[in-house]
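Here is how the chains run, residue by residue.
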Amino acid sequence: MKHKMLALILACTAGQAIAGFNVVALGVDGGVEEGNLTSYLIRSDSQKLYLGLDAGSVLPGISKALEKGAFPQVTVENSAPYTPQGAVFRNLIGGYFISHGHLDHLAGLIISSPEDSRKPIYGSADTIGTLRQHYFNGRVWPNFSDSGSGMRIGTYRLNAPRPAQRFSIGLTGLDGTIYPLSHGGTPSSMILVSRNNESFAYFGDTGPDAVEKSKNLETIWRVLSGEVKAKRLKGIIIETSYPDGVSDSKLFGHLTPVWLLKELKVLEQNSGGNGSLNGLTVIISHIKPSLKADADPQAEIMQQLSAGDALGVKFVRLQQGDSLKLD
Ligand SMILES: [Zn+2]
Ligand SMILES: [Zn+2]
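These numbers were taken from a predicted model, which means no experiment stands behind them. (Residues numbered from 1 in each chain as written. Chains lettered and ligands numbered in written order. Predicted model: local features only at pLDDT ≥ 70, side-chain atom pairs only at ≥ 80, totals over all residues. Heavy atoms only, no water.)

## Here's the deal with the coordination of the zinc ion (ligand 2)
Each donor-metal-donor angle in an ideal tetrahedron of four donors is 109.5 degrees, and each such angle in an ideal octahedron of six donors is either 90 or 180 degrees.
For step 1, the next point in the chain: For the zinc ion (ligand 2), the full set of protein donor atoms is His100 (NE2), His102 (ND1), His183 (NE2) and Asp205 (OD), at a range of 2.2 to 2.4 Å.
For step 2, the next point in the chain: Seen from the zinc ion (ligand 2), its four donor atoms lie at angles of 90 to 169 degrees, and the figure they make is irregular.
For step 3, the next point in the chain: Each donor residue of the zinc ion (ligand 2) belongs to the same chain, and together they define the spacing H-x1-H-x80-H-x21-D.
For step 4, the next point in the chain: A separation of 3.3 Å is found between the zinc ion (ligand 2) and the zinc ion (ligand 1), both of which receive a donor from Asp205. Placement of His102 in the loop between strand S4 (93–97) and helix H5 (107–112) and of Asp205 in the loop between strand S10 (198–203) and helix H7 (209–212) is noted, with a sequence separation of 103 residues between them.
For step 5, the next point in the chain: Here His102 falls in the partly exposed class, since its relative accessible area comes to 30%. (Donors = N, O, S within 2.8 Å, 3.2 Å for Na, K, Ca; no water. Tetrahedral: all angles 85-135°; square planar, octahedral: opposite > 155°, others 65-115°. Helix = DSSP H or I, 4+ residues; strand = E, 2+ residues; numbered from the N terminus. Buried < 20%, exposed > 50% of the residue type's maximum accessible area, 1.4 Å probe, protein only.)

## Looking at the pattern of salt bridges
For step 1, the next point in the chain: Scanning the model with the defined rule gives 10 salt bridges in all.
For step 2, the next point in the chain: Salt-bridge contacts for Glu218 lead to Arg222; the nearest nitrogen and oxygen are separated by 3.4 Å. One end of the pair, Glu218, and the other, Arg222, are both in helix H8 (residues 216–229), four residues apart, so they sit about a helical turn from each other.
For step 3, the next point in the chain: Within the structure, one salt-bridge network assembled from shared partners comprises Asp45, Lys325 and Asp327. (Salt bridge = Lys/Arg side-chain N within 4 Å of Asp/Glu carboxyl O.)

## Brief notes about the side chain of His183
For step 1, the next point in the chain: Inspection of the secondary structure puts His183 in strand S8 (residues 174–183).
For step 2, the next point in the chain: Accessibility expressed as a relative area gives 3% for His183, which makes it buried.

## Observations concerning the sheet that holds strand S5 (residues 119–122)
For step 1, the next point in the chain: Ordered in space as S6-S5-S4-S3-S2-S1-S14, the seven strands form an open sheet in which the pairing is mixed. Across the chains shown, the open sheet's two edge strands, defined by having one partner strand only, are strand S6 (156–159) and strand S14 (323–326). With direction set aside, neighbouring strand axes in the sheet form an average angle of 25 degrees.
For step 2, the next point in the chain: Here strand S2 (residues 39–44) runs beside strand S3 (residues 50–53); their pairing, made up of three bridges, is antiparallel. Note on S3: the bridge partner recorded for Tyr40 is Leu53. (Pairing = 2+ DSSP bridges. Axes fitted to C-alpha atoms, helices over the stretch in contact; angles between N-to-C directions.)

## Some words on the packing of helix H9 (residues 257–270) against helix H10 (residues 297–308)
For step 1, the next point in the chain: Orientation of H9 relative to H10, taken along the N-to-C sense of each, is 40 degrees, at an axis distance of 9 Å. Taken together, the axes of H9 and H10 are oblique relative to one another. Relative to H10, H9 is oriented so that their crossing is right-handed. Two secondary-structure elements touch here, H9 through Pro257, Leu260 and Leu261 and H10 through Ile301, Gln304, Leu305 and Gly308.
For step 2, the next point in the chain: A per-class count over the contact of H9 with H10 returns five nonpolar, two polar and no charged. (Parallel < 35°, antiparallel > 145°, perpendicular 65-115°, else oblique. Left-handed = near helix turned anticlockwise from the far one by under 90°. Contact = heavy atoms within 4.5 Å. Nonpolar A, V, L, I, M, F, W, Y, C, P; charged D, E, K, R; others polar.)

## Quick look at the coordination of the zinc ion (ligand 1)
For step 1, the next point in the chain: At this site the zinc ion (ligand 1) is bound by Asp104 (OD), His105 (NE2), Asp205 (OD) and His286 (NE2), with donor distances of 2.1 to 2.2 Å.
For step 2, the next point in the chain: Metal-centred angles of 89 to 171 degrees between the four donor atoms at the zinc ion (ligand 1) mark the site as irregular.
For step 3, the next point in the chain: All donor residues of the zinc ion (ligand 1) come from one chain, and their arrangement in sequence is D-H-x99-D-x80-H.

This is the structure we're talking about:
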């Protein structure tokens, strides 16, 4: 597993001719400790600007990614008058997609907002409503958005595109389509990002359809099977919050390895049956850390996924600051 991961984690090289996507992990955990909460960046290799995929931890992730060489295009000299960290934050992130209103997906965005440049935020109507009513409301935080109550500072333009309807994502050169997910009573969402003939799916928190009594994943697998068949899908980021053994009644709208494998099996069946997902990159996100001395949920989850994998997908766990090129 480690070798597979190492082979995949390539330092990003700017401006390569081959098309594809570039993913940077800014935060990879699903809670408990601040500083490494769910957030990724994605850009098309042909474009300069990244789209933020959730924003649990932003600035700490940028620092880590700079240390690991994920932004070779950024130097102390060309960052002036900002630090390299500030330059990535302000000038390379062209907008954010927020999957749902939970703190571990947007705390970094809120805390860093006074230093951000003007940019759009995209989300479902529910997520945008939560941002407007419960965060940027002049009470828990000044209103850095362009709508809602209190004095509007206007840094962020809030956008709630219609579900299943394609829209263009600001200056990133990417298109996006948002689909609903069920997350234990909280509406969550997935975004399918695309450019030309390539696409990438980012999932916010989700439970399995069977536990959620939902058809949201079923609908999404149908959409993604079209992407697989057309050989457009370059990878997905999806959660696996807990190791196997957590009872369905204690999942609170999350996945375990067994449940993720079952759900991916549905995608495989829709995509043409056995072997149709062979080689697909599946980045595992949102692992819940444990404070118990002998627990290592990350190692357990990755082991359980590879042990149970009959699909031939590449399960990848990125650490904070890692980057990955998907061709
Ligand atoms: Zn979460
Ligand atoms: Zn959540």
